[in-house]
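Summary of the model geometry
Residue-level listing of the chains:
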Amino acid sequence: MTTLTHSETRKGEKPVEPESAAKNAGRIKARRRSASIWIGRVVLAVAVVGGWQWFTTEGWVDKFFFGQPSEIWDSLVKLFTEGTAFGTIWENLGVTAQEAFFGFLLGTFVGVILGILLGSNKYLSAVVGPYIRIVNSIPRIVLGSIFIVAFGLGVFPKILLAAVLVFFVVFFNAFQGVREVDQNLVANVRVLGASPYQVAMHVTIPSAMTWIIASLHTAFGFAIIGALVAEVLGAQKGIGLIISQAQGTFDPNTVFACMVIIAVVTLFAESLINLLEHRLLKWRPPNRSEAQAI
Amino acid sequence: MNITPTPRPPGPPPKAADGARIEVSGLTKRYLTPKGETFTAIRDVTVTVEAGQFCSIVGPTGCGKSTTLAQVSGLETPSAGSVKVGGNLVEGITNGVSYMFQADALFPWKSVLGNVMMGPILLGTPKRQATDLARDWLRRVGLAGFEDRFPHQLSGGMRKRVAMAAALINNPRILLMDEPFGALDVQTKAIMQNELLKLWEELRPSVLFITHDLDEAVALSDRVVIMTSSPGSVKDVFDIDLPRPRGNVQEIRHEERFLELQGRIWESLKDEVTRAYAVSAGAA
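Quick caveat, the model's predicted, so the values are computed rather than measured.

Conventions used here
Residues numbered from 1 in each chain as written. Chains lettered and ligands numbered in written order. Predicted model: local features only at pLDDT ≥ 70, side-chain atom pairs only at ≥ 80, totals over all residues. Buried ≥ 20, exposed ≤ 12 C-beta atoms within 10 Å, placed from the backbone. Helix = DSSP H or I, 4+ residues; strand = E, 2+ residues; numbered from the N terminus. Contact = placed C-beta atoms within 7 Å. Nonpolar A, V, L, I, M, F, W, Y, C, P; charged D, E, K, R; others polar. Pairing = 2+ DSSP bridges. Axes fitted to C-alpha atoms, helices over the stretch in contact; angles between N-to-C directions. pLDDT = per-residue confidence, 0-100. Right-handed = clockwise from strand over helix to strand, strands pointing away. Core = buried A, V, L, I, M, F, W, Y, C linked by C-beta atoms within 7 Å. Parallel < 35°, antiparallel > 145°, perpendicular 65-115°, else oblique. Left-handed = near helix turned anticlockwise from the far one by under 90°.

An α-helical turn contains 3.6 residues, so any two residues separated by three or four positions project in the same direction. Residues and elements named next belong to chain B. Of all nine residues in helix α1 (residues 65-73), eight are buried, a share of seventy percent or more. For α1, the complete set of buried residues consists of Lys 65, Thr 67, Thr 68, Leu 69, Ala 70, Gln 71, Val 72 and Ser 73. Once α1 ends, the next one or two residues include Gly 74, with phi positive near 85°.

Turning next to the interface of chain A and chain B. Between chain A and chain B, the residue contacts involve 15 residues of the former and 19 residues of the latter. For the side of chain A that touches chain B, the elements supplying multiple residues, two or more each, are α9 (183-191) and α10 (196-233) of chain A. Residue contributions to the side of chain A that touches chain B peak at seven residues, all from α9(A). Residues that form the side of chain A that touches chain B fall into these classes: nine nonpolar, four polar and two charged.

Take the sheet that holds strand β5 (residues 88-89) of chain B next. Residue and element names in this part refer to chain B. If you trace the four strands from one edge of the open sheet to the other, you get β2-β1-β4-β5, paired in antiparallel fashion. In this open sheet, the two edge strands, each paired with only one partner strand, are β2 (38-49) and β5. Two elements, strand β1 (residues 22-32) and β2, share eight bridges in a ladder whose sense is antiparallel. Note on β2: the bridge partner recorded for Ile 22 is Val 49.

Here we come to the sheet that holds strand β10 (residues 234-239) of chain B. Residues and elements named next belong to chain B. Spatial ordering of the open sheet is given by β6-β7-β8-β3-β9-β10, a layout of six strands whose pairing is mixed. On the outer flanks of this sheet lie β6 (97-100) and β10, each paired with one strand and no other. For this sheet, the mean inter-axis angle between neighbouring strands, taken without regard to orientation, is 15°. In the sheet, strand β7 (residues 174-178) pairs with strand β8 (residues 206-211) via five bridges, with the strands oriented parallel. By the bridge assignment, Ile 174 is partnered in β8 with Ser 206.

Scored by pLDDT, chain A has a mean of 85; 91% of the residues are at 70 or more. Per-residue pLDDT stays below 50 along residues 1-12 of chain A; that stretch engages in three contacts with residues further than four places along the chain or on separate chains.

Moving on: the pairing of β7(B). As a general feature of sheets, a regular strand has side chains that alternate between the two faces. Residues and elements named next belong to chain B. With five of its five residues buried, β7 lies for the most part within the structure. Side chains Ile 174, Leu 176 and Asp 178 of β7 all project onto a buried face; the interleaved residues Leu 175 and Met 177 project onto the opposite face, where all are buried too. Where β6 meets β7, four bridges bridge the pair, whose relative direction is parallel. Across the sheet, residue Tyr 99 finds its bridge partner in β7, namely Leu 176. Taken together, β7, helix α5 (residues 186-203) and β8 form a β-α-β motif whose crossover is right-handed.

A few words now on the nonpolar core. Core analysis: the largest hydrophobic core is formed by 86 residues, its most contacted members being Val116(B), Ala165(B) and Leu208(B). Here Val116(B) is in contact with Ala134(B), Trp137(B), Leu138(B), Val162(B), Ala165(B), Ala166(B) and Ile169(B), once residues within four sequence places are set aside. Of all hydrophobic cores here, the second largest spans 52 residues; its members include Ile148(A), Leu165(A), Ala208(A) and Ile262(A).

Residues and elements named next belong to chain B. On average, residues of chain B score 84 in pLDDT, and 93% of them reach the 70 mark or higher. In the predicted structure, residues 1-16 sits below a pLDDT of 50 and forms 20 contacts with residues beyond four places in sequence or in another chain. With a pTM of 0.74, the predicted complex shows an ipTM of 0.78.

The subject of this paragraph is the pairing of β1(B). Residues and elements named next belong to chain B. Remark: five residues form the turn of the hairpin made by β1 and β2, two consecutive strands paired antiparallel; Gly 36 in that turn has positive phi of roughly 95°. Here β1 pairs with strand β4 (residues 80-85) via five bridges, running antiparallel. Within β4, the residue paired with Val 24 across the bridge is Val 83.

Turning our eyes to something else, we now look at the packing of helix α4 (residues 69-81) of chain A against helix α12 (residues 252-280) of chain A. Residues and elements named next belong to chain A. Where α4 contacts α12, the axes come no closer than 8 Å and their chain directions differ by 70°. Judged on the interaxial angle alone, α12 and α4 are roughly perpendicular. Every residue of α12 that contacts α4 at Glu 71, Ile 72, Ser 75, Leu 76 and Leu 79 is listed here: Asn 253, Thr 254, Phe 256, Ala 257 and Val 260. Grouping the amino acids of the contact of α4 with α12 by side-chain chemistry returns six nonpolar, three polar and one charged.

Moving on, we come to the packing of helix α7 (residues 143-151) of chain A against α10(A). Residues and elements named next belong to chain A. It is the contact of α7 with α10, at a shortest axis distance of 9 Å, that shows an interaxial angle of 60°. Regarding the angle of α7 to α10, the classification is oblique. Taken as a pair, α7 and α10 cross one another with a handedness that is right-handed. Residues Gly 144, Ser 145, Phe 147 and Ile 148 of α7 form the contact with α10, whose own contacting residues are Val 229, Ala 230 and Leu 233. The class makeup of the residues in the contact of α7 with α10 is five nonpolar, two polar and no charged.

Moving on, we get to unusual backbone geometry. Residues and elements named next belong to chain B. With an omega dihedral of -10°, the bond running from Arg 244 to Pro 245 counts as a cis peptide bond. Looking at the secondary structure, you find Pro 245 in the loop between β10 and α7 (249-252). One non-glycine residue, Asp 44, adopts positive backbone phi at about 55°. As for its placement among the helices and strands, Asp 44 is situated in strand β2. Its identity is not glycine, yet Glu 179 carries a phi of approximately 45°, on the positive side. Examined against the element boundaries, Glu 179 turns out to sit in the loop between β7 and α5. Here Glu 179 falls in the partly exposed class, since 18 other C-beta atoms lie within 10 Å of it.

If you want it as structure tokens, here you go:
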């Protein structure tokens, strides 16, 4: 509005359009900023990986213990072309991904249900709360040993361990999410005649969803950790088994290669979760820090 | 229950049903603090709001005004005394009540339309019908064309309009308003007050309106109740005999009768405010 009247008063004096000029300058500035960010990223990657390669070639760092990028690449190629002692890499990756995925689902499901239940029931949360805190302080990864002793070397104990790790992350977030529900909103729908079920469906769950979804990012990482650690503890197939085998044969390059593979899987899963987040939380106001000042 | 607001012809305001009379008698509410002590929020409050009357409650901060509303709505149960709506004792949530808060209690994850639709949906109205009704109400509060926006995309005044449409869509017998315009700037506040009066004159629910703003109370109400500082009880009740419809609330402020009433009520309120301030200043 102001720029419009501004240019009107100066009609005929100057043919400049300040609005579009400012827009152009802003666009150039933004492009320059993103270019500099990408240059920085590439430089960082080259410095780390290149330095690693250089140091190990020169012998300042022993590649027998710490591996070498070029040899990690070779191991990766070997894993995908020749496979492993336990079948093809795809087979093993499939098993691990399956364990992590089902563990993630199970843990999230139970975490959300219990979190919402305890979050909305003060008495229950007061009774169960301390025990959950105690269990949370136990190093749960050790449960993997018990699960393997109890359920054998199959897929199930891995799913269970992944689920246990995921559960606590999701549970605490769901619990907190329910606690943060705007009480005015609850009072409002109750006055309008909502049943407890309707309050949960229309207010509590959508409101806790922000918290729950935020926890899923971390939770998937935990699911992968759970599956891998359980495999290292004892398995017949899986990336964890390949890792523990490589450890036994003093082969750090294969361990690193497995790490790369898992990282790719996790990033993929992360992007799916991001998609879900955008879908479910599209009502949220845009993050202020995202809109950079021009 | 009739949920479709029937368009009413202009003329004398409709006579509200007797089911909307609110009788609060001897109402006392004590809360248990986490330490196990009891805290009396309101003591022996007795107020009557006739059906279709606009009643304001004014009092110093923390005198239990909101507590009184919570008892009327049935969200809380009184420790002593009773609330009757339309002659029936309030037990559990009162039927046909709508709430409006200072913080706009809108669903941030629902569109404007979705927010306004909530009332009929919770009553079990079919979705299509609820949508039509909500569209109609958005038009009535001047928000046609904003149906698909989310609350965070609206200004404070627009959010208030949405809240107002959401509160009135079920054609409530009773409208409970807890400082609804407290957070608005002065101009928006005046606009919203006029808007509220207009809609109230069409629907004529009984209104219990909490405010700190004495001008607002006098300009809008038929009856102003002054409450004492904590524990709250009724100090004075003033009937406001300014003619209806009131017209523009900004203009009515300059009328002689308004100033006279406002002056008298302020005399009564002043002591309480000073006392409440002295207590809070002493505690700080």
